[in-house]
Amino acid sequence: MAVFRVALPASLAAARARPPLGCCPPPAPCSASAGAMEPEPRWLAGLRFDNRALRALPVETPPPGPEGAPSAPRTVPGACFSRVRPAPLRQPRVVALSEPALALLGLGAPPADAAACEAREAEAALFFSGNALLPGAEPAAHCYCGHQFGQFAGQLGDGAAMYLGEVCTAAGERWELQLKGAGPTPFSRQADGRKVLRSSIREFLCSEAMFHLGIPTTRAGACVTSQSTVERDVFYDGNPRPEQCAVVLRVAPTFLRFGSFEIFKSSDEHTGRAGPSVGRSDIRVQMLDYVISTFYPEIQATHASDSVQRHAAFFREVTRRTAQLVAEWQCVGFCHGVLNTDNMSIVGLTIDYGPFGFLDRYDPDHVCNASDTAGRYSYSRQPEVCKWNLQKLAEALDPALPLTLAEAILAEEFDTEFRRHYLQKMRRKLGLVRAEREEDSALVAGLLETMRLTGADFTNSFYLLSSFPAGPESPDLDEFLATLTAQCASLEELRLAFRPQMDPRQLSMMLMLAQSNPQLLALIGTRASLARELERVEQQSRLEQLSPAELHSKNRSHWAEWLLEYRARLEKDQEAADDTAAWQAEHVRVMHANNPKYVLRNYIAQGAIEAAESGDFSEASGPPGPPLLVPSRCWGGRAPTNTAPPALLQVRRVLKLLETPYCREGDATEAREAAEPEEASGEAGGAASRRHSYSSKPPLWAAELCVT
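Right, let's walk through the structure included here. Note that the coordinates shown come from a computational prediction; the quantities given were computed from them, not determined experimentally.

A short note on the overall build of the protein chain
- Summing up its helical and strand segments, the protein chain has 21 helices and 16 strands in all.
- Looking at the 708 residues of the protein chain, the share that counts as buried comes to 54%.
- Surface summary for the protein chain: the accessible area is close to 29500 Å², and the carbon and sulfur share equals 53%.

Details of the environment of Trp583
- As for its position among the elements, Trp583 is in helix α18 (residues 580–594).
- Judged by relative accessible area, which is 0%, Trp583 ranks as buried.
- Distance in space between the C-alpha atoms of Trp583 and Val433 is 7.9 Å, their sequence separation being 150 residues.
- Other than its neighbours up to four places away in sequence, Trp583 contacts Val433, Arg434, Leu570, Asp573, Gln574 and Ala577.
- Side-chain polar atoms of Trp583 contact the side chain of Asp573, separated by 2.9 Å.

As for helix α7 (residues 307–332)
- With 26 residues, α7 should cover 38 Å at 1.5 Å per step; its first-to-last C-alpha distance of 38 Å lies within 8% of that length.
- The residue sitting at the N-terminus of α7 and contributing the capping side-chain oxygen is Asp306; that oxygen lies 3.2 Å from the backbone nitrogen of Val308.
- A positive phi of about 75° marks Gly333, the residue just after α7.

Observations concerning the packing of α7 against helix α9 (residues 403–429)
- It is at 8 Å that the axes of α7 and α9 come closest, and there the two elements cross at 30°. Taken together, the axis directions place α7 and α9 in an arrangement best described as roughly parallel. As α7 packs across α9, the resulting crossing turns out to be right-handed.
- Residue composition of the contact of α7 with α9, grouped by class: 15 nonpolar, 5 polar and 9 charged.

Description of the pattern of salt bridges
- Counted by the stated rule, this structure contains 41 salt bridges.
- Glu203 serves as the salt-bridge partner of Arg250, at 2.7 Å between the closest nitrogen and oxygen. Taken together, the positions of Arg250 in strand β14 (residues 241–252) and Glu203 in helix α4 (residues 197–212) put the pair 47 residues apart, joining distant regions of the chain.
- One salt-bridge network, held together by shared partners, links Lys180, Glu203, Arg250, Arg257 and Asp352.

Analysis parameters
- Residues numbered from 1 in each chain as written.
- Predicted model: local features only at pLDDT ≥ 70, side-chain atom pairs only at ≥ 80, totals over all residues.
- Heavy atoms only, no water.
- Helix = DSSP H or I, 4+ residues; strand = E, 2+ residues; numbered from the N terminus.
- Buried < 20%, exposed > 50% of the residue type's maximum accessible area, 1.4 Å probe, protein only.
- Areas by Shrake-Rupley, 256 points an atom, 1.4 Å probe, with all protein chains shown as cover.
- Contact = heavy atoms within 4.5 Å.
- Polar contact = N/O pair within 3.5 Å; in protein donor to acceptor, adjacent residues only side chain to side chain.
- Expected span 1.5 Å × (residues − 1).
- Axes fitted to C-alpha atoms, helices over the stretch in contact; angles between N-to-C directions.
- Parallel < 35°, antiparallel > 145°, perpendicular 65-115°, else oblique.
- Left-handed = near helix turned anticlockwise from the far one by under 90°.
- Nonpolar A, V, L, I, M, F, W, Y, C, P; charged D, E, K, R; others polar.
- Salt bridge = Lys/Arg side-chain N within 4 Å of Asp/Glu carboxyl O.

Encoded structure:
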């Protein structure tokens, strides 16, 4: 679809004066003009705002300044929010809308009439870009702090996001709306408060993908792009280039986070930074009362007269939800990338999608964020980091919740709840539908070790196990093993994955330093990097001595050994059932409901981004063009290859695919198949392109993509 300019119907563009919002001062208009009028919504006219957070928590009114000037960066003491206004974009237009997310707000399905659909999208572009405000919306930016990569960073806040207000629905639900990328706020520091199209598409798609995978998450209702641009140094090489500005409409019960309670932190002993509201215990109690009464009403009702027990029950529940959440991440191979305390939801949701990634080749030490050179937020360390973040939340709640009590709760709850939820989920992924057995943990650990040794694709290996022939009368494993080992890493993939990252001279110098001055090596924090580099060199040497046939034989042997254990466990599970046929049906149903066929792999997101940047948001755009070849060391990069990459993937088609990630009876398989790219083989050497199925093992060039 070609780039189009939003044209509003005359009635939609009709101006009107904005009424005052109760006893709160009305938000400043979006335009620099003092006499600006707001357009009248049609489709969105039924949204009813009731902005409880701004009534319950202290709000800073911005200091006086020139009309229309952006919010100046500043410290915001004694407040949880600061009033702001979105900065308008040039010619906003919709990239995609998520109908399931918008339905939460009581917005109906899209009309069949093309003209009505166009008017609906034009209205969405206007209001969801921030170019106009809905009646009752009160834009504000939230003040919070955070520990980033283990160090307290002081005041952070919504530097690129804006609270619009809270929509109350006929179903009795309350949803906070937020615009991400709508312009500067007091918390933007030296940045411009904008988000670009590529990062906005990633957040939009992953928010919805995670929901449909069944993982607690914030939602994304819309992604809007524009003709406005900002300069971004994509490759961090001193050569910025203009990129399109975009805005994501985010939806959640609340966007409050662990860092919301860190604004009271006194000067940190390591960084010297402090929160902006040190000593304001009254606001801490005010925030606790608001959060518990609004989002944990059952706790409020049970402990209405005892504040310490109420706060303890709240922290216990946050701990349980966080443990369950990270267990869900581990079971689907999701890596968050930036698990700072300011990116941890106070209600147990996945929040703030930045340099995330889903595992392709199973590697427990996988780091999806290329900026995380120390591997703090690697896949295997996510549970440990979430527990560490809860410790920081416990410290932030003291003295409203005594620290000793909070630490006892954390020690009692987190590990136990994580292991329980993780094993329960993994048992379902393996189709174990009867009683749990002691050996189940060892069976799961054995599977993951087999996947690590063979470099198996995480998502596809679990999905294929759904068709594993169970039972002693089943045919031999040869055919199944052939299918499963095809999901293992090839010699070429492994050599690419384990190629050395350091120049040989640099490595030699580091080894000399390790011998002559190990204290200095530890001080500059390169000991772990050196160990990983030596492991890569050793692994690369082994791979050079290995032939493809030998690798295949090793992989087959590893899988055959584990599958025998798995089959024996399935037989025990089946023996516990009265009806074999019923057990088999339940076994298959449970596996299909817990092992997705589709996840948002990085290369799929990248294809959607390239399509959107060229203005193609929905329909197939004919034969694929040449690959976009950019350096692979930064997000958006793709290594040059002799084989042309897959065709451009469209945002709306990818979104539709991600809405049905599981193979279930009665699913709209036609919609999934329509969203899948067709297989089209071309001549060797890339004269033509072969479209890559989204459910296949990723193409080799996908390993070259990295996110920062």
